[in-house]
Every structure is written in structure tokens, then in C-alpha cells.
Amino acid sequence: MTGSASGIGAAVVSALRADGRDVVGVDLRDAEVCADLSTADGRRAAVDGVLGLAGELDGLVVCAGLGPHVPDPRQIIEVNYRGAVEVLDGLFPALRGAAVAVSSSALTMTKWADNPISRGEEAAALAEAGEYAGHLAYSWSKNALTVAVRRRVAEWGAAGVRLNTVAPGAVDTPLLQAGLESRFGDAIRSYQAPIPRRGRPEEIASLIRYLLGPDAGYIHGAQFMIDGGSDALMRPTEF
Ligand code: NAI
């Protein structure tokens, strides 16, 4: 479980431990494996650290992430995209059950064809993005993560490992709070959901717990918006 120390990740850890599961958390601090997923070395250390503690894994959740407000937008892509995909790939050989990647409803703000990550051109695109760089990096990173998940369905399915994506809307966590206090605060506050409140970390954790478990045995390659209905409200004809 990456991003285990806070927010949605911490709620997933609590839900799994309540089920009697042994969980290996990966985070910058307060985790069984402390590693920095923003660097290639840190990602390798995370994979090696998990494998050192657990030879086989029943499940994997890649949840660590940075919000659009962080000062260096390149870090957003490193953690949200590479930090998720390289941990998925690194731990795939040890996985026996299912994995979930935590994307975001912000992924729909980019189309893959327009996503510079698809061409390896994100550095140049960020250099031209100006004040919206963090916002764009966040959307690109989550869009690319969902594509990476969908592109793995054949290989993972053949190995008997299910892989799905959860894409939350606005959820009350330290990440969202930091965004609200940043210059993106007004944009976040204007995000409307037909269920007129923000999500709770426990509500996202509940879906992830289900997707990891045996009752979700035929769910593979799917993406679940869990956003109080926002996506359906804003894009009723696109799905
Ligand atoms: P959070 O800030 O409470 O938790 C994120 C965790 O990731 C923290 O424990 C943090 O230390 C860890 N992390 C960040 N950078 C790291 C790095 N370089 N190496 C290792 N760990 C690192 O945030 P929250 O809201 O629980 O976010 C979890 C995931 O959910 C993220 O991927 C986020 O993008 C996604 N998400 C959150 C939404 C929200 O409204 N809170 C909405 C949509 C998606």
C-alpha cells in the first residue's frame, strides 16, 4: 500500500487491518517501508523493501500522490504516474490477487492524444504551461496512470492478477485541504457534486477493499469514478 501514512491510503490500511490483513505500508515516513517515490532510486527501494518484508502479495494499492498545489509540477508526474506504474510493475511478479491504482476524476480534463506524457514531452510542455503547470501535471499524471492500467490488462489477466482503477472526486484529506489553501482553492471550491458534500477517505477505502477481494473476481481493467456524481453531471454523454 503506497501512500499509507495519510488520507485515503491510511483509510485503506485501517480497513484491511480490520479484516485481519497484514499490510506493508510505503510512504515518505510513518510506514513499514520509507521511500521517496519521486525518484527512480526511491521507487526501486520501495519495491525491494516490500519484497524484503513480504515474498508474495495478495493485493497491492498504489495510492501515494501529490496534489496540483505542490511547487514543482515535475514532482507530481514523478510520484503520481511513475511512482504508481513502477511500483505496479516492480511488484507484479510477486502478486497473486489484485491491484488497485488510485487515479482521479481530474484525468478527464486531458485526452490521451493531447497528453504530453504519451509522447515523452512532459518536460517541454510543463515549461510552457505557466501558472497552470501544477493543475495540468496533475491531470496528465492521472490520465497517464489510467492508460497504463488499461494497457496491462492482457498480461495481468493472463497471470490471474486483476488490476483496476479508482478515480475519486474531491475527498476530505490533507491533500485536498492543501489545495483549498492554495491558489487553486477557488477552482476546487467550484467543483460541484450532485451529492452535495465531499467524499470521505473511508468511502474510497471501502471500494478499494471490495476491488481487492474475492467478490470482485470478474472486475478487471475497470475504472470507477467515485465522485458523488460529478462526472455524470458534467459529462453526461461521455463515458
Ligand atoms: P494525502 O496527502 O492525505 O496522502 C498522500 C500520501 O502520499 C501521503 O502520505 C504522502 O506522504 C504520500 N506521498 C506523497 N509523495 C510521496 C513520495 N514522493 N513518496 C512516497 N509517498 C509519498 O492525500 P490523499 O488525498 O489521501 O491522496 C491519495 C491519492 O488519492 C493521491 O494519489 C491523490 O492524487 C488521489 N486523489 C485524491 C483526491 C482528494 O480529493 N483527496 C481526489 C482524487 C484523487
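Residues numbered from 1 in each chain as written. Predicted model: local features only at pLDDT ≥ 70, side-chain atom pairs only at ≥ 80, totals over all residues. Heavy atoms only, no water.

With an unreviewed UniProt entry as reference, the protein is termed NAD(P)-dependent dehydrogenase (Short-subunit alcohol dehydrogenase family), source organism Amycolatopsis thermophila.

A.B. asks: Explanation requested: the site of the ligand in the structure shown.
C.D. replies: Around the ligand, 29 residues are found, and the nearest of them are Ser6, Ile8, Asp27, Tyr138 and Thr173. Here a nitrogen atom of the ligand and a side-chain polar atom of Asp36 are 2.8 Å apart. Across the complex, the protein chains shield 93% of the 820 Å² of accessible surface that the ligand would expose by itself. Of all the cavities here, the one that holds the ligand is the largest pocket. Breaking the shell around the ligand down by element, the ones donating at least two residues are α1 (7-18), α5 (133-151) and α7 (174-180). No other element matches α7, which puts 3 residues into the shell around the ligand. Taken together, the residues that form the shell around the ligand break down as 17 nonpolar, 9 polar and 3 charged. (Near = heavy atom within 4 Å. Polar contact = N/O pair within 3.5 Å; in protein donor to acceptor, adjacent residues only side chain to side chain. Areas by Shrake-Rupley, 256 points an atom, 1.4 Å probe, with all protein chains shown as cover. 1 Å grid on protein atoms, 1.4 Å probe; cavity = no way out; pocket = protein on both sides within 12 Å on 5 of 7 lines; lining within 4 Å. Sits in = over half its atoms within 2 Å of the grid points. Helix = DSSP H or I, 4+ residues; strand = E, 2+ residues; numbered from the N terminus. Nonpolar A, V, L, I, M, F, W, Y, C, P; charged D, E, K, R; others polar.)

A.B. asks: Help me understand helix α9 (residues 201-212) in this model?
C.D. replies: Structural remark: α-helix, 3.6 residues per turn; residues separated by three or four positions point the same way. Taking 1.5 Å of rise per residue, the 12 residues of α9 would be expected to cover 16 Å, and the 17 Å separating its terminal C-alpha atoms lies within 8% of that figure. Every buried residue of α9 is accounted for by Pro201, Ile204, Ala205, Leu207, Ile208, Leu211 and Leu212. Within α9, the buried residues cover an arc of 160° as seen down the axis, which keeps them to one side. Taken together, the buried residues of α9 touch α1, β3 (57-62), β4 (95-102), β5 (162-168) and β6 (223-226). (Expected span 1.5 Å × (residues − 1). Buried < 20%, exposed > 50% of the residue type's maximum accessible area, 1.4 Å probe, protein only. Arc of directions from axis to C-beta. Contact = heavy atoms within 4.5 Å.)

A.B. asks: I tried to follow the nonpolar core on my own but got confused; where do I start?
C.D. replies: Within soluble globular proteins, side chains that are nonpolar generally end up buried alongside one another. Ranked by internal contacts, the top residues of the largest apolar core, which has 42 residues, are Leu60, Leu88 and Trp156. Breaking this core down by element, the ones donating at least two residues are α2 (40-53), β3, α3 (73-91), β4 and α5. Counting residues per element, this core draws most heavily on α3, which supplies 9 residues. Contact partners of Trp156, with chain neighbours within four places excluded, come to Leu88, Asp89, Phe92, Leu95, Ala99, Val161, Leu163 and His220. Ranked by size, the runner-up nonpolar core spans 21 residues in total, among them Met1, Val61, Ala98 and Val100. (Core = buried A, V, L, I, M, F, W, Y, C linked by side-chain atoms within 4.5 Å.)

A.B. asks: It is not clear to me how the packing of α1 against α9 should be interpreted in this structure. Could you clarify?
C.D. replies: In a packed pair of helices, the relevant descriptors are the angle between the two axes and the axis-to-axis distance. The interhelical angle for the contact between α1 and α9, taken along N-to-C directions, is 55°, at an axis separation of 8 Å. Of the possible angle classes, the one that applies to α1 and α9 is oblique. Seen along the crossing, α1 lies across α9 with a hand that is right-handed. In this structure, α1 contributes Gly7, Ile8, Ala11, Val12, Ala15 and Leu16 to the contact, and α9 contributes Pro201, Glu202, Ile204, Ala205, Ile208, Arg209 and Leu212. Split into classes, the residues belonging to the contact of α1 with α9 amount to 10 nonpolar, 1 polar and 2 charged. (Axes fitted to C-alpha atoms, helices over the stretch in contact; angles between N-to-C directions. Parallel < 35°, antiparallel > 145°, perpendicular 65-115°, else oblique. Left-handed = near helix turned anticlockwise from the far one by under 90°.)

A.B. asks: Teacher, can you tell me more about unusual backbone geometry here?
C.D. replies: Phi is mostly negative for residues that are not glycine, and the peptide bonds are mostly trans. If you check the backbone angles, Asp30 has positive phi at about 55° while not being a glycine. Tracing the sequence through the fold places Asp30 in the loop between β1 (26-27) and β2 (33-34). Judged by its relative accessible area of 70%, Asp30 is exposed.

A.B. asks: Explain the packing of aromatic side chains to me, please; I cannot follow it from the model alone.
C.D. replies: For any pair of aromatic rings, geometry is given as the distance between the ring centres together with the angle between the planes. Tallying each qualifying case throughout the model produces 1 aromatic pair. Both rings, one in Phe92 and one in Trp156, keep their centres 4.4 Å apart while their planes meet at 20°; by these two values the pair is stacked. Linking Phe92 in the loop between α3 and β4 with Trp156 in helix α6 (residues 153-158), this pair joins segments that are 64 residues apart in sequence. Trp156 sits in the buried class, given a relative accessible area of 0%. (Phe/Tyr/Trp six-rings, centres within 6.5 Å; stacked < 30°, edge-to-face > 60°.)

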